[in-house]
Each structure stands twice: as C-alpha cells, then as structure tokens.
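# Commentary on secondary and tertiary structure
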Amino acid sequence: MKANRKIIEINEELCNGCGECVPACAEGAIEIIDGKAKLVKDMFCDGLGACLGDCPTGALKIIEREADAFDEKAVHEYLKKTKAPVPSPFAPAQGGCPSMTLHSFASAAKKPTSKGAAEPSGSALSHWPVQIRLIPPTAPFLKDGDLLVAADCVPAAYADFHRDFLDGRVLLLGCPKFDDKAEYLKRFADIFRSNEIRSVKVLRMEVPCCSFLLPIVTEAAHQAGKDVPVEEVVITRRGTIDK
C-alpha cells in the first residue's frame, strides 16, 4: 500500500559512486548500479536516514513522497536472499552497522632499523572493513591499489603477517570454504571492473579448501577483461612459507 512518507532520494548528478552509503544502510536498500547509488525498492527504505552522514558529496537527502510502506519482513527476506547481514534488533535505530562503515587510515607498521634489527611491529592495516563480502567494489581505498587477498586463517598462522605482507597493500580477507565462491567471483570481477588494480598477491594456507582463492581471483580478472599481475604465496600450518 502506498502512502506519503519519508524516504531517501539520491541525486545522481552529485553521486560519485563511492559506495559509502551502501554499508551504512542496514536494510540493504541502496546498491551501486552502473557507477551510481540506486534505491533498490521503496519498501526497503525505512526513511530514518542512517546513510546520510556517509555521503561525501551530499547526494542523499530525506524527502516526503508517495511510496510503498516500509516492509520489515520483506527486508529480512531480501537480506537473507542476498546473504547480506540481517540488522540486529539490538543495533541503534539510525546507526547502521558500525563494522561495515568504510574507513581509510595511515599504516603504523614499523620498518627495520638502519642496523638491520627489526623494531616492534605496529598495524599495517590501511582501511576498514577487511572482509571480502563487506567491501564494496567502489570503496575509495581500492583505487589504483595493490591487493592482498588473504585466507582468514593466515594471520593466525603467520606471525609477521603485517610486516611481511600487509604493509602497502589493500587487504581483502575471507574463507572460500565457508563463504560462497560464486559470490566471491562476482565481487572480485566487479572490483576489477571498477578500479585499475595494479597487482594482487593471494596469500593462502596449504590446506585444500584454500586453493580456490587463486582461480577465483584469476577468473574474475579474466571476466573483467583486465590483465593484472597475480602472485600466490602458500603458508604452512606451522606458519612458514611453503617453498
């Protein structure tokens, strides 16, 4: 049933396709389509405006117009179908999901001293989020990036993960065993289409389930029509590099 109510409006002329509004909308009402933010369906938008503060260009605003009523049940079914996180009933009403808000920050990793002795390592992480499924293809930190596609067991196994692999790279972390491989393939293909990726390092464990990461990345680059240098490094269960 349609009624006059508050709902999001997106100015496509102002929208730069950065995707920061997408994770801010816990209902999944916004997607990036053809490089622009779009409202998926009126019934998915609750009109609270949690996405407003995440738009760097001011392309989003709340207006009042005739629209389908907000349908919470339809939202949950849609999120379940798309495998997006279902909003928690304990989450703040207008805050969205904090773990999905995009952030970029400077690396704090320490380099070896001039005498060759390594100083204590800091974090080399340059952005948030890090999970493959949570990073939109238009995230600004992907632009002209050198990617580190790592299986999520690697940081637990390899002691110097930040120092030896992460510094200077954009981390995409995931597990091809428990996540959807087809979803990974689509996500990486979209990333390659939307950005000029300079290189990709695939960092995986020696276990068989991890072996899917490399073919997913290479096939995604092929589907996107991009010739991107891809390197694979394998880590053993004991935390050493498999030669």
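## Description of the overall build of the protein chain
Across its full length, the protein chain carries 6 helices and 10 strands. Per-residue burial over the protein chain gives 41% buried out of 243 residues. In the protein chain, 71% of the contacts between residues at least 6 apart in sequence involve partners at least 24 apart. Summing over all exposed atoms, the protein chain offers an accessible surface of approximately 13,100 Å²; the carbon and sulfur share of this is 53%.

## Quick word on the environment of leucine 214
For leucine 214, the location among the structural elements is in helix α6 (residues 213-223). As a C-alpha pair, leucine 214 and valine 233 span 19 residues in sequence and 9.8 Å in three-dimensional space. Each residue touching leucine 214, except ones within four places of it in the same chain, is listed here: Val202, Val230 and Glu232.

## Thoughts on the pairing of strand β10 (residues 230-235)
In summary, the side chains of a regular strand alternate between the two faces of the sheet. With 6 bridges connecting them, strand β9 (residues 199-205) and β10 associate as parallel partners. For valine 202, the partnering residue across the bridge sits in β10 and is glutamate 232. Regarding topology, α6 serves as the crossover connection from β9 to the parallel β10, and that connection is right-handed.

## Observations regarding the nonpolar core
If you look at the biggest cluster of nonpolar residues, it comprises 43 residues, and the most contacted ones within it are Phe188 and Phe192. Listing elements by their share of this core, those giving two or more residues are β7 (146-151), α4 (161-166), β8 (170-174), α5 (181-194), β9, α6 and β10. With residues near it in sequence (within four places) discarded, phenylalanine 192 still touches Ile197, Val200, Val217, Ala220, Ala221, Ala224, Lys226 and Val228. Core analysis: the second largest hydrophobic core is formed by 22 residues, Cys21, Phe44, Cys51 and Leu60 among them.

## Topic: the confidence of the model for the protein chain
Mean pLDDT for the protein chain: 85, with 86% of residues reaching 70 or above. Segment residues 84-96: pLDDT under 50, and 17 contacts once partners within four positions in sequence are set aside and those in other chains are kept.

## Thoughts on the packing of α5 against α6
Close contact between α5 and α6 brings their axes to 8 Å; oriented N to C, the two are set at 50°. Compared by their axis directions, α5 and α6 come out oblique. Considering only the axes of α5 and α6, their crossing is right-handed. Every residue of α6 that contacts α5 at Lys181, Tyr184, Leu185, Phe188, Ala189, Phe192 and Arg193 is listed here: Ile216, Val217, Glu219, Ala220, Ala221 and Gln223. In the contact of α5 with α6, the residues fall into 9 nonpolar, 1 polar and 3 charged.

## A look at the sheet that holds β7
A sheet is described by the order of its strands in space; here 4 strands give the open sequence β8-β7-β9-β10, paired in parallel fashion. Edge positions in the sheet fall to β8 and β10, since each of these pairs with one other strand and no more. Between one strand axis and the next, the sheet turns by 20° as a mean value, whatever way the strands run. Pairing of β7 with β9 involves 5 bridges; the strand directions are parallel. Bridging from a neighbouring strand, leucine 148 pairs with lysine 201 of β9. Taken strand by strand, α6 contacts β7, β9 and β10, and its axis lies near 160° from that of β9.

Quick notes on the rules
- Residues numbered from 1 in each chain as written.
- Predicted model: local features only at pLDDT ≥ 70, side-chain atom pairs only at ≥ 80, totals over all residues.
- Heavy atoms only, no water.
- Helix = DSSP H or I, 4+ residues; strand = E, 2+ residues; numbered from the N terminus.
- Buried < 20%, exposed > 50% of the residue type's maximum accessible area, 1.4 Å probe, protein only.
- Contact = heavy atoms within 4.5 Å.
- Areas by Shrake-Rupley, 256 points an atom, 1.4 Å probe, with all protein chains shown as cover.
- Pairing = 2+ DSSP bridges.
- Right-handed = clockwise from strand over helix to strand, strands pointing away.
- Core = buried A, V, L, I, M, F, W, Y, C linked by side-chain atoms within 4.5 Å.
- pLDDT = per-residue confidence, 0-100.
- Axes fitted to C-alpha atoms, helices over the stretch in contact; angles between N-to-C directions.
- Parallel < 35°, antiparallel > 145°, perpendicular 65-115°, else oblique.
- Left-handed = near helix turned anticlockwise from the far one by under 90°.
- Nonpolar A, V, L, I, M, F, W, Y, C, P; charged D, E, K, R; others polar.

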